[in-house]
Amino acid sequence: MKGIAQCAEGDPINHYLMIKSVTRSVASNNKPFLTIMLQDVTGEIEAKLWDATSEDEQVFLAETIVKVEGEITTFRNKKQLKIRSIRPITDADPVKKSDLIPTAPLAVQDMMEHINQCIFEIQNPKLQRITRALVKKHQEAFFEYPAAVRNHHEYLSGLAFHVVSMLKLAQALAELYPELDLDLLYSGIILHDMGKVIELSGPTATSYTLEGKLLGHISIMSNEIAETARELEIDGEEVVVLQHLILSHHSKGEWGSPKPPLLREAEVLHMIDNFDAKLNMMNRALENTKPGDFTEKLFAMDQRAFYKPLFERKVSPISSDV
């Protein structure tokens, strides 16, 4: 059976899916309805449950596994699932949550070893101590959480996979541009999104916490760096420069950064982050697109739809050797 993200318009649906999020709204006829985001390991799709009852609102909650029958339709050039029937699973249904949760393509232990090796390679003792302390403090969540609620690396362990990919990019760039401070880049990359373990609610059915909505991961991690430096009795320019990398990694105020990049490594960090995030978005969309077709419009890519050539080269799966 095809995964939900691989289904095309008109395809019948008889799938087990997990509810990622639910939003209650009221239609023009004053009747309530639920907008349900459903997912399996291949991706997610939006569905509407019309004329929702109060019982529906109590039953269909985030992280609930459901059996859905219906068909794939499109609305404003985006696929939707038209629900004909939906029910929570019972003990008799042959499915569990782990069957439906998208997960990073590398094992957690492999990613942990790669990140720890990069920390070991940081020669600046102040940067290394701060980075090591914060990884240790947030280790469990850091290797479980997604990198975002939507758009890029929005799957289990996506945050760590995003970081590992960026570390590899930094290492390759440093070979071409040896003048780059790899100590600073490694520290900035490992810490740049770590505030998301506080900004986001958890590894599955992820939403924003109160701290996430009011503070955001950028200011959260800048404060954590300052606090960790005080606890370790570390001062000096390294602390301020590392904070700047975090504060500027989105580059522009309208993208969430309080400061633009004002160091070479800060600009490189932003470019690496942007490159990996956008490539991940395109890859996931193209994986579920037939050769000769366009992807759905990608919101974070200026609503562009990307074409998948008929002659596209086959790519081997990611190796566990990081």
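What you see is a predicted model; the values in this text were computed from it and never measured.

Novice: Looking at this structure, I do not really get the layout of surface pockets. What am I missing?
Specialist: Rolling a probe over the atoms, with the probe sized like a water molecule, indicates the empty space that remains. Looking at the largest pocket, its volume works out to about 1,700 Å³. For the lining of the largest pocket, the secondary-structure elements that each account for two or more residues are β1 (12-26), β2 (32-40), β3 (43-49), β4 (65-75), β5 (78-88) and α11 (264-287). By residue class, the composition of the lining of the largest pocket is 16 nonpolar, 17 polar and 16 charged.

Novice: Sorry, what's going on with the environment of N116 here?
Specialist: With respect to the helices, strands and loops of the structure, N116 is situated in helix α2 (residues 108-121). A relative accessible area of 31% places N116 in the partly exposed class. Residues N116 and T131, spaced 15 residues apart in sequence, show a C-alpha to C-alpha distance of 10.0 Å.

Novice: In this structure, what is going on with the packing of aromatic side chains? I would like to understand it.
Specialist: Tallied over the full model, the rule gives 3 aromatic pairs. Here the aromatic rings of F142 and F143 are separated by 5.1 Å at their centres, their planes lie at 80°, and the arrangement is edge-to-face. When the ring of F294 is compared with that of Y307, the centres are 5.1 Å apart and the planes differ by 50°; the resulting orientation is tilted. Pair noted here: F294 is in the segment after α11 and Y307 is in the segment after α11, with a separation of 13 residues, a long-range link. Here F294 falls in the exposed class, since its relative accessible area comes to 54%. The ring of Y16 is capped by K67, whose NZ or CZ atom sits 4.8 Å from the centre of that ring.

Novice: I tried to follow empty space enclosed by the protein on my own but got confused; where do I start?
Specialist: Taken as a whole and judged by the stated rule, the model has 1 cavity of 30 Å³ or more. Roughly 100 Å³ of volume is contained in the largest cavity. Around the largest cavity, the lining is made up of 15 residues, and of these Q39, E154, P203, T204 and T206 lie nearest the centre. Across the lining of the largest cavity, the residue classes break down as 10 nonpolar, 3 polar and 2 charged.

Novice: I'm lost on helix α5 (residues 158-176) in this one. Help?
Specialist: Three- or four-residue spacings in an α-helix give side chains the same orientation, since the helix completes a turn every 3.6 residues. Between its first and last C-alpha, α5 extends 27 Å over 19 residues, near the 27 Å set by a 1.5 Å rise per residue. Of the positions making up α5, those classed as buried are G158, L159, A160, F161, H162, V163, V164, S165, M166, L167, A170 and A174. Contacts from the buried residues of α5 go to α2, α4 (139-142), α6 (182-192), α7 (196-199) and α11.

Novice: Quick question: what am I supposed to make of the UniProt feature "domain: HD" (unreviewed entry) in the chain here?
Specialist: UniProt feature "domain: HD" (unreviewed entry): in the numbering of this structure it lies at residues 162-278. This span, residues 162-278, is 67% helix and 0% strand, and a straight line between its end C-alpha atoms measures 11 Å.

Novice: Looking at this structure, how should I read the side chain of S187?
Specialist: Mapped onto the elements, S187 comes out in helix α6. Residue classification places S187 among the buried residues on the basis of a relative accessible area of 0%. A distance of 3.0 Å separates polar atoms of two side chains, one belonging to S187 and the other to T131. Dropping the residues within four chain positions of it, S187 is found in contact with I122, L127, T131 and L242.

Novice: Could you clarify how one ought to interpret the pattern of salt bridges in this entry?
Specialist: Per the stated rule, a full pass over the model turns up 15 salt bridges. The partner of K196 in a salt bridge is D193, and the shortest N-O contact between them spans 3.4 Å. Residue class for K196 comes out buried when judged on its relative accessible area of 8%. Judged by relative accessible area, which is 2%, D193 ranks as buried. In this structure, R304 engages D302 in a salt bridge whose closest nitrogen and oxygen atoms are separated by 3.8 Å. Its relative accessible area of 38% is what places R304 among the partly exposed residues.

Novice: So what exactly am I meant to see when it comes to the pairing of β4 here?
Specialist: In the case of a regular strand, side chains alternate between the two sheet surfaces. Examined bridge by bridge, β1 and β4 share 7 bridges and lie antiparallel to one another. Bridging across to β4, M18 finds its partner in I65. The sheet contact formed by β4 and β5 spans 10 bridges and is antiparallel. Its bridge partner being in β5, T74 is matched across the sheet by K79. In sequence, β4 turns back onto β5 through a hairpin of 2 residues, with R76 there showing a positive phi of about 55°.

Reading guide: rules and limits
Residues numbered from 1 in each chain as written. Predicted model: local features only at pLDDT ≥ 70, side-chain atom pairs only at ≥ 80, totals over all residues. Heavy atoms only, no water. 1 Å grid on protein atoms, 1.4 Å probe; cavity = no way out; pocket = protein on both sides within 12 Å on 5 of 7 lines; lining within 4 Å. Points joined across faces, edges and corners; volume = space filled by probe spheres on them. Helix = DSSP H or I, 4+ residues; strand = E, 2+ residues; numbered from the N terminus. Nonpolar A, V, L, I, M, F, W, Y, C, P; charged D, E, K, R; others polar. Buried < 20%, exposed > 50% of the residue type's maximum accessible area, 1.4 Å probe, protein only. Phe/Tyr/Trp six-rings, centres within 6.5 Å; stacked < 30°, edge-to-face > 60°. Lys NZ or Arg CZ within 6 Å of the ring centre and 35° of its normal. Expected span 1.5 Å × (residues − 1). Contact = heavy atoms within 4.5 Å. UniProt positions renumbered as here; feature names shortened; annotations may be inferred. Polar contact = N/O pair within 3.5 Å; in protein donor to acceptor, adjacent residues only side chain to side chain. Salt bridge = Lys/Arg side-chain N within 4 Å of Asp/Glu carboxyl O. Pairing = 2+ DSSP bridges.

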